[in-house]
Amino acid sequence: MGEDRDIGEALCAQVIEAAQQRKPLRPRGGDTKDFYGEAINAETLDLAPHRGIVQYQPTELVITARAGTPLRLIEAALIEHRQMLPFEPPHFGEHATLGGAIACGLSGPRRPWQGGARDLVLGTRMINGRGEHLRFGGEVMKNVAGYDVSRLLTGSLGTLGAITEVSLKVLPAPEQELTLVQQAEPMTALQRFRNWRAQPLPLSGLACLDDRLYIRLSGTEAGVASARERLGGELLDAPFWDDLREQRLAFFQADPEVPLWRISVPPATPLLEDVGETLVDWAGALRWVRSDAPGQTVRELAERHGGHATCFRGDCAAGRFHPLPETQLTLHRRIKQALDPHGIFSPGRMYRSL
Amino acid sequence: MSATPDHYEFPPLDREALLRGLRAIVGEQNLLHSEEALRPYECDGLSAYRRLPQAVVLPATVAQVQEIMSLCHARQVPVVARGAGTGLSGGALPYGDGVLLSLARFNRILQIDRDNLTARVQPGVRNLAISEAVADLDLYYAPDPSSQIACSIGGNVAENAGGLHCLKYGLTVHNVLEVQVVTVDGELLRIGASSFDAPGYDLLAVMHGSEGMLGIVVEVLVKLLPRPEQARVLLAAFDEVVQAADAVGEIIAAGILPAGLEMMDNPAIRAAEDFVQAGYPVEAQAILLCELDGTEAEVTALADQVEAILEDCAATEVRSARDEDERARFWLGRKSAFPAVGRISPDYYCMDGTIPRSQLAHVLTRIQALSDEYGLRVVNVFHAGDGNLHPLILYDASQPGELERTEELGGKVLELCVQVGGTITGEHGVGMEKIDQMCVQFAAPELLQFHALKRAFDAHGLLNPGKAVPTLHRCAEFGAMHVHHGELAHPDIPRF
Ligand SMILES: Cc1cc2nc3c(=O)[nH]c(=O)nc-3n(C[C@H](O)[C@H](O)[C@H](O)COP(=O)(O)OP(=O)(O)OC[C@H]3O[C@@H](n4cnc5c(N)ncnc54)[C@H](O)[C@@H]3O)c2cc1C
């Protein structure tokens, strides 16, 4: 167990030195998501010791903590006050940190209803490529002073700078939560998802795997009870959503030689079954697919449906992330240049030329 | 031609050549350049600032916008975008030696996708028009600024507009999936996607609230939500503003997230009641409007809970709207509050600071003291649920010096918001109006970082010059540098 510590100055000093020597640096938290990004050669900027909850007043619905704070400590602090992180970040290991979760920008099953990591970030402190410790956004719900650098950093994989502190919007934990299971072929499941999405139901999860359709309802006792009656299904008493989020389900444990694709599509997209075995999450908007089809094929399929594909786990000759058109990539380079003029922060981690 | 990292200069303008070029793109009928024709465009909703541009151009296609931007880029002529002109911070205030690009003719809803719950719209479409177009599908577009009958969706993106229901349903940035943007040099970029988490950096978030400084939004893909089965509004009256402020905290502490939680003080209640007969209790010192939505069972349970909390917090009266009609009337009073105040004073000045909820009572008391000190009446109407204040300062512009005193008082209020851990603008933007207070909220390195980001999109500073982010020179002149925990943040930064 580490203790609360503020090592901001030491971190800045390390960045300044790296900038002077033009040596690449890679911010690292709990090292649980090393797989998520291209492998690069860079010195570690260790944010794990920079930890501690800086501010948490439950009635403000905001928590602020240093980047190295373990996610589980944050979640424990919230649950004490019956609150939660609405975007349900995946941990992928007990040392997962807040900074890492935000830098990766990944979100759990509640995403379509409560928003993703980027939606809940209110403010950040960060060290840019000049070693300056800056503060953007804040701890209030609404703030349009200055460009939204905090959300720009979310999901930027440490390529724009080191996130040192994050303020997040939190929400009251639902009074009641339960999971229902129905038997349904994937086609039928997608059809039901489509109907339910358009209705005002207290949904917080809709997934489908192996001809089983999973429904999570969250809300007031009365609201959940009436929705349960309306939708029907067997009550499930297993941590299905945690296992889905943490990729502990058998689907994720299968043959590691076959790449795991994360395909984000408009939710009404038909089943992409011809490329491989599929788990549908996010009410249809997320398809986990195990496929050894060439990356190009998977990506073209995603694009045809208005989506994009990330090679999440496994060997990805075609690059981890969906390629950007050249005009976009040029703009990305300029933005990186604006925050990290010497290009020291995790070069190549997201795209080889960035 | 940029001199310093945060300041730009433009070559002398050849007006005739510029007009010829614009005319060739949009035709004479869509180009305004006589003083008389330009006059209606001299200001936005903040009429204290006025300026005429060289020309107003009204394109109708994306290709025309691209050509206009290419032309202006080649000639190094500044461009200011304008939606409906309802902005309250001078964001759409024209640049004197520049072109005002109006998106008014981009007023079509291009596609409604009921399977994916999205609508693809042009930027000039009015906010309310989207919800109206999908009402028969029992869907709606959630962000509902009080100006929703007039303001454009492009302007909403540029300001990251909020509304009465953003506590639960989020701001514009949470309800837009994709925008098409014409860059300063005329390229068309797709930012975001019709799916979640588009690859690369989250440029969609950066575009939100960027006040026309980074590109011209020419198409927007918004999310639609199913209409809640039921919505109920409770109206609670209080003898003291502070009690109402405390009730806000208690509701949140009970784990309830209302769809809307708004507060008005006595002068605002009276003005609104006189104007639209909303049925408000005019003797109350403050009212809270609390909307609860969900399934019928949920709403009933929540309403009971909230009613009990309000009574515990010393509400003198709690009313529940009996029907849809009364609910609409309760909200109409709130939505009409600004124009209602406009009837009781020759002029008013609307502030937009956001503060932590726990500071509500303290800040309201301080604002009252400042109001007394300056001898200017202040009316309070605000989004209590998310701490976004809209103090309205009443003044008379025809009285010499009164506008200046009003602006000074306004500045003090914003600085107070920063002091208690809040921000100078929750939803109206910095624009021209709050540019000096940016020097209070941010330190020099942060301001320079904003300028650097701007240059990544717009190397020559042609888009909306002089707005949103102050130069360090301006901050030095204003005499305020960011003070944090009582110390000057960067005493080493030279002050010009
Ligand atoms: C009575 C009243 C009540 C209001 N209530 C609210 C409220 O509750 N919540 C709230 O958030 N705001 C409110 N506002 C403020 C205002 O309506 C919003 O800021 C709105 O989003 C502005 O939209 P617009 O189309 O009028 O934009 P404009 O005023 O025309 O422009 C605003 C800014 O956006 C830029 N811009 C406009 N269109 C584009 C485009 N297509 N591409 C790039 N940049 C563009 C302009 O350059 C400018 O900087 C209110 C205003 C009034 C007058």
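For the structure itself, consult the block above.
No experiment lies behind these values; they were computed from the predicted model shown.

## What about the site of the ligand?
All names here are of chain B.
Thinking step 1. Around the ligand sit 33 residues in total, of which Ala-81, Gly-83, Thr-86, Ser-147 and Ser-152 are the nearest.
Thinking step 2. At a separation of 2.6 Å, an oxygen atom of the ligand approaches a polar side-chain atom of Thr-86.
Thinking step 3. Contacts to the ligand include Gly-87, whose backbone N or O atom sits 2.7 Å from an oxygen atom.
Thinking step 4. In the complex, the protein chains occlude 94% of the 980 Å² of accessible area that the ligand would expose alone.

## Some remarks on helix α8 (residues 241-253) of chain B
All names here are of chain B.
Thinking step 1. Across its 13 residues, α8 extends 19 Å between first and last C-alpha, which sits within 8% of the 18 Å expected from 1.5 Å per residue.
Thinking step 2. Looking at α8, one finds that the buried residues are Ala-244, Ala-245, Ala-247, Val-248, Gly-249, Ile-251 and Ile-252.
Thinking step 3. Where α8 is buried, its residues meet α6 (166-169), β14 (230-238), β15 (260-265), β16 (286-294), α10 (296-312) and α13 (360-374).
Thinking step 4. Of the residues flanking the end of α8, it is Gly-255, one or two places downstream, whose phi is positive at about 85°.

## Focus: the sheet that holds strand β19 (residues 378-383) of chain B
Residues and elements named next belong to chain B.
Thinking step 1. Pairing within the open sheet is antiparallel, and its 7 strands lie in the order β17-β14-β16-β15-β19-β20-β18. In this open sheet, the two edge strands, each paired with only one partner strand, are β17 (317-320) and β18 (347-350). For this sheet, the mean angle separating the axes of adjacent strands, direction not counted, is 15°.
Thinking step 2. By the bridge criterion, 6 bridges tie β15 to β16 in an arrangement that is antiparallel. Residue pairing for β16: Gly-260 is matched across the bridge by Glu-291.
Thinking step 3. Helix α9 (residues 266-276) contacts β15, β16 and β19 of the sheet and is inclined by roughly 95° relative to β15.

## A short note on the pattern of salt bridges
Thinking step 1. Enumeration over the complete set of coordinates arrives at 39 salt bridges over all chains.
Thinking step 2. One salt bridge connects Arg230(A) with Glu229(B), and the closest N-O pair in it is separated by 3.4 Å. Here Arg230(A) is found in helix α8 (residues 221-231), whereas its partner Glu229(B) is found in the loop between β13 (225-226) and β14 on a different chain.
Thinking step 3. For Arg230(A), a relative accessible area of 44% corresponds to the partly exposed category.
Thinking step 4. For Glu229(B), a relative accessible area of 40% corresponds to the partly exposed category.
Thinking step 5. A network of salt bridges, in which partner residues are shared, links Arg111(A), Arg118(A), Asp119(A), Arg262(A), Asp197(B) and Asp202(B).

## Considerations on the nonpolar core
Thinking step 1. In this structure, Ile335(A), Val179(B) and Leu310(B) are the most contacted members of the largest nonpolar core, which totals 166 residues.
Thinking step 2. Contacts of Val179(B), omitting those with residues within four sequence positions, involve Val157(B), Leu189(B), Arg190(B), Ile191(B), Leu204(B), Met207(B), Val217(B), Glu219(B) and Val220(B).
Thinking step 3. Of all hydrophobic cores here, the second largest spans 27 residues; its members include Leu164(B), Leu235(B), Ala237(B) and Leu289(B).

## A short note on the interface of chain B and chain A
Thinking step 1. Of the residues lining the interface, 81 residues belong to chain B; the matching set on chain A comes to 71 residues.
Thinking step 2. Contact with chain A buries area across many residues of chain B, yet Phe196(B), Tyr201(B) and Gln449(B) alone supply 14% of it, more than any other trio.
Thinking step 3. If you look at where chain B meets chain A, you find 6 salt bridges.
Thinking step 4. On the surface where chain B and chain A come into contact, there are 32 residue pairs in polar contact (both at pLDDT 80 or more).
Thinking step 5. Those elements that place two or more of their residues in the side of chain B that touches chain A are α6, β11 (188-192), α7 (203-207), α8, α10, α15 (438-441) and α16 (444-457) of chain B.
Thinking step 6. In terms of residue count, α16(B) provides more of the side of chain B that touches chain A than any other element does, 9 residues in total.
Thinking step 7. Residue composition of the side of chain B that touches chain A, by class: 40 nonpolar, 26 polar and 15 charged.

Conventions adopted
Counting of residues starts from 1 at the beginning of each chain's written sequence and follows it residue by residue. For this description, chains carry letters from A and ligands carry numbers from 1, given in the order in which they are written. In view of the model being predicted, local features appear only for residues whose pLDDT reaches at least 70, and side-chain atom pairs are presented and counted only at 80 or more, with totals across whole chains, interfaces and linings using the full set of residues. Hydrogens and water are ignored here; the side-chain numbers use all heavy atoms of the structure. We call a residue near a molecule or strand when any one of its heavy atoms sits within 4 Å of it. Counted as a polar contact is a pair of N or O atoms within 3.5 Å, where, for protein atoms, one must be capable of donating a hydrogen and the other of accepting one, and residues adjacent in sequence contribute only when both atoms are in side chains. We get accessible surface area from the Shrake-Rupley algorithm with a probe of 1.4 Å; when it comes to residues, only the shown protein chains can shield them. Runs of H or I in DSSP of at least four residues are treated as helices and runs of E of at least two as strands, each being numbered from the N terminus. Every helix has an expected span of 1.5 Å times one less than the residues it contains. Relative accessibility under 20% of the residue-type maximum defines a buried residue, over 50% an exposed one, and the middle range a partly exposed one, all with a 1.4 Å probe and only protein chains included. We call two residues in contact when some of their heavy atoms are within 4.5 Å. A strand pair is defined by DSSP finding two or more bridges across the two strands. Only the stretch in contact is used when fitting a helix axis, every axis being a line fitted to C-alpha atoms; angles between N-to-C directions are given from 0 to 180 degrees. The working definition used for a salt bridge is a side-chain nitrogen of Lys or Arg within 4 Å of a carboxyl oxygen of Asp or Glu. Residues enter a nonpolar core if they are buried and are Ala, Val, Leu, Ile, Met, Phe, Trp, Tyr or Cys, with the set joined through side-chain atoms within 4.5 Å. Buried area, as used here, totals the accessible surface that two parts lose on assembly, with accessibility defined by a 1.4 Å probe and the loss added over both. Gly falls in the polar group here, along with every residue not listed as nonpolar (Ala, Val, Leu, Ile, Met, Phe, Trp, Tyr, Cys, Pro) or charged (Asp, Glu, Lys, Arg).

It is worth stressing that arrangement in space is one thing and function is another; only the former is reported here.
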